[in-house]
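Letter by letter, the chains look like this.
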Amino acid sequence: MAADLGELLVPYMPTIRVPRTGDRVFKSECAFSFDSPESEGGLYVCLNTFLGFGREHVERHYRKTGQSVYMHLKRHVKEKATGAAGGAIPRRRNGKVFLDLELNRDFNGEDYEYEDEAKLVIFPDHFEIPLPNIEELPALVTISCDAVLNAPSAYKKQEPESWEEELQVSRHARSLRQLDNGVRIPPSGWKCQKCEMRENLWLNLTDGAVFCGKWFFDGSGGNGHALEHYRETNHPLAVKLDTVTPDGADIYSFEEEEAVLDPHISEHLSHFGIDMLQMQKRTENGHHTDNNSRPRVSEWEVIQESGMKLKVVYGSGYTGIKNLGNSCYLSTVMQVLFSIPDFQRMYVGNLQRIFDYSPLDPTQDFATQMAKLGHGLLSGQYSKPPMKSELIEQDKLHDGHCLQTRSTAGLKTQPKQQQQKGVSPRMLKALVSRGHPEFSSNRQQDAHEFLLHMINLVERNSAGSENPSDVFRFLVEERVQCCQTRRVRYTQRVDYCIQLPAPIEAATNREELLAYDVKRQEAEENMRAPPEPVRARIPFTACLQAFTEPENVPDFWSSALQAKSAGVKTSRFASFPEYMILQIKKFTFGVDWVPKKLDLAIDVPDFLDLSRLRATGLQPGEEELPDLMPPIVLPEDTRDNSMSSTDSPEIDEAAVMQLAEMGFPLEACRKAVYYTGNMGPEMAFNWIIAHMEEPDFAEPLTLPSMMDPGLSTSDSPMGTTPLDNSPPEESIAILTSMGFPRTHTIRALKATNNNLERALDWIFSHPEEEESDALSDMADTEPNDNAFSNTNSHSDSTLSPDRDTPGPRVKDGPGRYELFAFISHMGASTMSGHYVCHIKKEGRWVIYNDHKVCLSERPPKDLGYIYFYHRLSSS
């Protein structure tokens, strides 16, 4: 028999491998489905690639790769018999077989026993060889099988290799020298000291300088000025500003060229006025919470609808998602996305095509993993009701505990087989978070940031095919007015979400809030327990009004004056998307850098009409600002252009003297009054506060020599950097993925020093050049030059009717919407707490709380964080 088995396996020996260091063994979940060794068909592990496949998908892998030898793993889960055996240790058959395969947390080891079995299966004949069979199998096969069975599963291997676990303490941390230069970092409003970037900013821990970092793979990042600063100063450590939490922060060592740990980070940050230890947090039941939980108890109960007898629902579209530990932000976003028909059609409707054309490693393919999760949520295969005999017991014990409360103690009273299991998003999470410093960690994250991250990934992975995120894309028209010359500029930009302010001053219970604040201060002074908190109630109309009001433009550069001045900006919709996303700006930073959430309720409407916010464009009587770009670097002879008294511009000297009497330098006061257009001392005072840290703050007022208005930007002596620099390919890909021609994209990036935000503005302000660029791109033979070459082949309904030239694809239509989903957050910060979502399906509101799915009795629409609306038909 041994000789027969040896001869049988001889043809396949060249394809059988032994797992080596670095190989990941997927022996707990299928690459295409959520089948596992506990599924009815078990799991097949390829002995060449070590990928796992369910019974439905293993033959596809065999046909595609020709790999014939698989190890079949099957775990039989049985409930223990009552009586004396009830207290026995779970019995295992072939105990070594599933060594290091994690136990299913849905089953309590004290109540169930596991019988594991493994065998070799040879395709296409399904010839089976039971294991262990050491004496009859060739040595290579035995060694390979033993290595697979003893290898940690791919998921267990990922955890210790997560981003934060690899970090080492920097050798500079203990002896870091910090300059006593008086620098204090505010809790918001940061920007790079060398450019206009306001994201991916790094604080140098030696001198407090703030500079931008490098580009990330997802298109975020900066221009590398933090690294340049290190090369100039040799100050080794920097911390990423938006990652500072009571748990720590992301720290990078330029000298060691890697992310590091700093045990003294709290002390180093306090040197610059950042207090990171005011709010201690702890992890409880997989949800990150804060110690000061008392003000949030009612919020947790209301949002999760605790204490109500909620009916569990099963079937297609009612499958939950397991919490991997602070992964609820991902679960809620994915539940909402896959409730949208465009995402269902793209990934689930094309399931077989996606699977058939997936790469050899489907675990690393975005479309495959999206299709896998979408099918898991919508097929109903992983959301089946219990048997009739179990339903009787469920009615007795349900009693409203189908939802997880904050303590989750109620769940322990339920029989384990009654609980909904849900599907695990591990494979997708590992893929979409790879390379991202935040989402690759096990910390709680902001659901809004993850939503935009997913939209970005969908955009990048939909080149040349249907893009479901088109339903969110819309154009915003921004009107910027120079306060001094009254001239205006209209530009358009792409956006996917509206961020609505929450004006506390508009609260309908303002007197009650003031009284509470007085009681709270008295309680603090007298060391008494704080009073019962009061939640601000803000009308939705007030939020919308605050969104539409003009706002000051920081560091506005007037092309009419060719200098910095005061500017105001208003935003309107140049197009309306098919699905509108609204985010309530509930989160802010305190002056001590402690992140906090505003405790408020907003009467968000079921139906929303934004038609009155439709953009109008340039109005009669308005004069446009010259089409000139600001200089990247001011000429060295700027100081030589200091204006004599005879060349001085008209300045309100009374306002200047008022400011000078406050103690500010006279020349600074003159500049403040001039750059704010003589609009009064209050506006000038705000300018002073915003610019008083600049090196030339107290120097005489200077103006660059006026440029000929007839010159183009590229001809201007004060134009941007020369056009011989090549923009980063990542930036080009991001803009071309929005539908812009490659040539036009490159020109825009070169004209704006590779600044993405400014490049978008440049594109919209130079539409006359886009058509010729599009024609140039059509003749370009480079591969992948135009990710959306078929933009113009779409029906007119997918393009804004106002746009005759190629541009980003938008599905414009009426601005009337109906609410169909919202994501709610519980806790004091986006970096702690828990997320759930409510989705309206078949006319009923359904609550998705991790793996639990129930009909909602009282959806807390007024406490939501992100709201999703779908457009109503014109009829």
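Placed above this text is the structure.
About the criteria used
Residues numbered from 1 in each chain as written. Predicted model: local features only at pLDDT ≥ 70, side-chain atom pairs only at ≥ 80, totals over all residues. Heavy atoms only, no water. Patch = residues over 30% accessible without salt bridge, like charges linked within 9 Å, V, L, I, M, F, W, Y side chains within 5 Å. Areas by Shrake-Rupley, 256 points an atom, 1.4 Å probe, with all protein chains shown as cover. Salt bridge = Lys/Arg side-chain N within 4 Å of Asp/Glu carboxyl O. Helix = DSSP H or I, 4+ residues; strand = E, 2+ residues; numbered from the N terminus. Buried < 20%, exposed > 50% of the residue type's maximum accessible area, 1.4 Å probe, protein only. Pairing = 2+ DSSP bridges. Axes fitted to C-alpha atoms, helices over the stretch in contact; angles between N-to-C directions. Parallel < 35°, antiparallel > 145°, perpendicular 65-115°, else oblique. Left-handed = near helix turned anticlockwise from the far one by under 90°. Contact = heavy atoms within 4.5 Å. Nonpolar A, V, L, I, M, F, W, Y, C, P; charged D, E, K, R; others polar. Core = buried A, V, L, I, M, F, W, Y, C linked by side-chain atoms within 4.5 Å. Expected span 1.5 Å × (residues − 1). Arc of directions from axis to C-beta. 1 Å grid on protein atoms, 1.4 Å probe; cavity = no way out; pocket = protein on both sides within 12 Å on 5 of 7 lines; lining within 4 Å. Points joined across faces, edges and corners; volume = space filled by probe spheres on them. Phe/Tyr/Trp six-rings, centres within 6.5 Å; stacked < 30°, edge-to-face > 60°. Lys NZ or Arg CZ within 6 Å of the ring centre and 35° of its normal. Lys, Arg positive; Asp, Glu negative; His and termini not counted.

Together, M662, F685, I689 and M692 give the surface a local cluster of nonpolar side chains, amounting to about 350 Å² of exposed area. Along the chain, I689 turns up in helix 19 (residues 681-691). By relative accessible area, which is 44% here, I689 ends up partly exposed.

Further remarks concern helix 8 (residues 328-337). With ten of its ten residues buried, helix 8 lies for the most part within the structure. If you check which residues of helix 8 are buried, you get C328, Y329, L330, S331, T332, V333, M334, Q335, V336 and L337.

What follows covers the pairing of strand 31 (residues 864-871). In terms of burial, strand 31 is largely enclosed, as seven of its eight residues are buried. Sheet topology note: the strand 22 (residues 579-584)/strand 31 ladder contains five bridges and is antiparallel. From the neighbouring strand, Y579 faces strand 31, where its bridge partner is H870. Sheet topology places strand 27 (residues 816-826) next to strand 31; seven bridges connect them, and they run antiparallel. Paired with Y817 across the strands is R871, a residue of strand 31.

Moving on, we get to the packing of helix 18 (residues 666-675) against helix 19. Direction vectors running N to C along helix 18 and helix 19 enclose 120 degrees, while the axes themselves pass 8 Å from each other. In terms of orientation, helix 18 and helix 19 fall into the oblique class. With respect to the hand of their crossing, helix 18 and helix 19 are arranged in right-handed fashion. Residues A668, C669, K671, A672, V673 and Y675 of helix 18 form the contact with helix 19, whose own contacting residues are A684, W687 and I688. Residues belonging to the contact of helix 18 with helix 19 are distributed by class as follows: eight nonpolar, no polar and one charged.

Moving on, we get to the nonpolar core. Counting residues in hydrophobic clusters, the biggest one holds 111 residues, and the most contacted among them are L120, M334, Y347 and F472. Among all residues touching Y347, those that are not within four sequence positions of it are F338, I354, F366, A367, M370, A371, V458, S462 and P468. Ranked by size, the runner-up nonpolar core spans 32 residues in total, among them A502, Y516, F576 and V604.

Another point: the sheet that holds strand 11 (residues 258-261). The strand order 6-11-10-9-7-8 describes an open sheet built from six strands, whose pairing is mixed. In this open sheet, the two edge strands, each paired with only one partner strand, are strand 6 (168-169) and strand 8 (210-212). Relative to strand 8, strand 7 (residues 201-204) is paired through three bridges, and the arrangement is antiparallel. From the neighbouring strand, L201 faces strand 8, where its bridge partner is C212. Across the face of the sheet, helix 5 (residues 225-233) comes into contact with strand 7 and strand 8 while running at roughly 125 degrees to strand 8.

At 3.6 residues per turn, the α-helix brings residues three or four places apart onto the same side. For helix 15 (residues 510-525), which comprises 16 residues, the first-to-last C-alpha distance of 23 Å matches the rise-based estimate of 22 Å (1.5 Å per residue) to within 8%. Every buried residue of helix 15 is listed here: L513, Y516 and A523. The buried side chains of helix 15 occupy one side of the element, clustering within an arc of 85 degrees when seen end-on. Along helix 15, exposed side chains directed more than 90 degrees from the buried face belong to E511 and E525. Those residues of helix 15 hidden inside the fold are in contact with strand 17 (536-538).

A few words now on empty space enclosed by the protein. For the structure shown, the criterion picks out eight cavities of 30 Å³ or more. Its boundaries defined by the atoms lining it, the second largest cavity holds a volume of some 50 Å³. F32, F53, R60, H61, K64, S358, P359, L360 and P362 together form the lining of the second largest cavity. Within the lining of the second largest cavity, the residues separate by chemical class into five nonpolar, two polar and two charged.

For the rest of this paragraph, the subject is the sheet that holds strand 14 (residues 474-482). With respect to topology, four strands assemble into an open sheet ordered 15-14-21-18, the strand pairing being antiparallel. Across the chains shown, the open sheet's two edge strands, defined by having one partner strand only, are strand 15 (488-495) and strand 18 (551-552).

This part covers unusual backbone geometry. The peptide bond linking F123 to P124 adopts the cis configuration, its omega dihedral lying at 10 degrees. Residues other than glycine seldom take positive phi values, yet F50 does so here, at roughly 65 degrees. Inspection of the secondary structure assignment puts F50 in the loop between strand 1 (43-46) and strand 2 (52-54). We note that R486 has phi near 65 degrees; this positive angle belongs to a residue other than glycine. Among the secondary structure elements, R486 is positioned in the loop between strand 14 and strand 15. Residue R486 is classed as partly exposed on the basis of its relative accessible area, which comes to 49%.

Every other side chain in a regular strand lies on the same face of the sheet, so the side chains alternate between the two faces. Judged by how many residues are buried, strand 14 sits mostly within the fold: eight of nine residues are covered. Pairing analysis gives eight bridges linking strand 14 to strand 15, with the strands arranged antiparallel. Paired with E478 across the two strands is T491, which belongs to strand 15. The loop that links strand 14 with its antiparallel partner strand 15 comprises five residues; one of these, R486, has a positive phi angle of about 65 degrees.

In this section: the packing of helix 17 (residues 653-660) against helix 19. Running from N to C, helix 17 and helix 19 point in directions that differ by 50 degrees, and their axes come no closer than 10 Å. In this view, helix 17 runs oblique relative to helix 19, as classed from their interaxial angle. As for how helix 17 packs across helix 19, the hand of that crossing is right-handed. Residues A655, Q658 and L659 of helix 17 form the contact with helix 19, whose own contacting residues are P681, A684, F685 and I688. Across the contact of helix 17 with helix 19, the residue classes break down as six nonpolar, one polar and no charged.

Now for the packing of aromatic side chains. Counted by the stated rule, this structure contains 23 aromatic pairs. By way of ring pairs, the aromatic residues F343, F472, Y579, F820 and F868 are connected into one cluster. In this structure, K372 is placed above the aromatic ring of F34, and the distance from its NZ or CZ to the ring centre is 5.0 Å.

Relative to the assigned elements, E305 resides in the loop between helix 7 (297-304) and helix 8. Here E305 is buried and forms no salt bridge, its nearest opposite-charge partner R858 lying at an N-O distance of 6.7 Å.

Mapping Y329 onto the fold places it in helix 8. A residue is classified by how much of its surface remains accessible, and Y329, at 0% relative accessible area, is buried. In contact with Y329, other than residues within four places in its own chain, are K429, F439, R443, Q444, Q445, A447, F450 and Y835.

Our focus in this paragraph is the pattern of salt bridges. Evaluation of the coordinates by the stated rule reveals 34 salt bridges. A salt bridge links D599 to R535, with the shortest nitrogen-to-oxygen separation between them at 2.8 Å. With D599 in the loop between strand 24 (595-597) and strand 25 (600-602) and R535 in the loop between helix 15 and strand 17, this pair connects stretches of sequence that are 64 residues apart. This pair shows no difference in class: D599 is buried, exactly as R535 is. One network of salt bridges, in which partners are shared, links D342, R345, E466, E578 and K811.

Before going further, it helps to examine the environment of K596. Looking at where K596 falls in the secondary structure, it is placed in strand 24. Judged by relative accessible area, K596 falls into the partly exposed class, the value being 42%. With 233 residues separating them along the chain, K596 and S829 place their C-alpha atoms 5.2 Å apart. Apart from residues no more than four positions distant in its own chain, K596 is found in contact with K586, F587, T588 and A828.

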